Amino acid sequence: KKSRTKDVVAREYTINLHKALHSVSFKKRAPKAVTAVKKFAQKMMKTDDVRIDVKLNKHIWSKGIRNVPDRIRIKISRKTNDDEDAKEDMYSFVTVADCTDFKGLVPKIVEE
């Protein structure tokens, strides 16, 4: 059985940020949300190097530092690292996915 952590793949997930930010003080909510997204991407894609898209950052911060969206739909892409001096040969790139309603959504593999 071969390891799948070296494959280039893209998946869509829904993150419930409301759970991650429970009992977090107002002035730390948006930064903690960004950290929660990075941690989630690390866990799902098994890469330490996680890069967040500018649009995703803007979406998290769109309602200010304290009113973070309760849920966000994200697309995580595992890509090969082109740097020769990089520690890992794969990195994860996280972008925001278009979504208006979160009912009945499951993680899905996205064709790029």
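Everything here concerns the structure above.
Residues numbered from 1 in each chain as written. Predicted model: local features only at pLDDT ≥ 70, side-chain atom pairs only at ≥ 80, totals over all residues. Heavy atoms only, no water.

Chemist: What is the right way to read the layout of surface pockets from this model?
Modeler: Approximately 180 Å³ is the volume attributed to the largest pocket. Surrounding the largest pocket, Thr14, Ile15, Asn16, Ala20, Ala36, Lys39, Phe40 and Lys43 form its lining. Where the lining of the largest pocket is concerned, the elements lending two or more residues are β1 (9-16) and α2 (29-45). Counting residues per element, the lining of the largest pocket draws most heavily on α2, which supplies 4 residues. When its residues are assigned to classes, the lining of the largest pocket shows 4 nonpolar, 2 polar and 2 charged. (1 Å grid on protein atoms, 1.4 Å probe; cavity = no way out; pocket = protein on both sides within 12 Å on 5 of 7 lines; lining within 4 Å. Points joined across faces, edges and corners; volume = space filled by probe spheres on them. Helix = DSSP H or I, 4+ residues; strand = E, 2+ residues; numbered from the N terminus. Nonpolar A, V, L, I, M, F, W, Y, C, P; charged D, E, K, R; others polar.)

Chemist: What is the right way to read a negative patch on the surface from this model?
Modeler: A cluster of acidic side chains, namely Asp82, Asp83, Glu84 and Asp85, defines a negative patch on the protein surface. Classification of Asp83 as partly exposed rests on a relative accessible area of 48%. (Patch = residues over 30% accessible without salt bridge, like charges linked within 9 Å, V, L, I, M, F, W, Y side chains within 5 Å. Areas by Shrake-Rupley, 256 points an atom, 1.4 Å probe, with all protein chains shown as cover. Salt bridge = Lys/Arg side-chain N within 4 Å of Asp/Glu carboxyl O. Lys, Arg positive; Asp, Glu negative; His and termini not counted. Charge placed at Lys NZ, Arg CZ, Asp CG, Glu CD. Buried < 20%, exposed > 50% of the residue type's maximum accessible area, 1.4 Å probe, protein only.)

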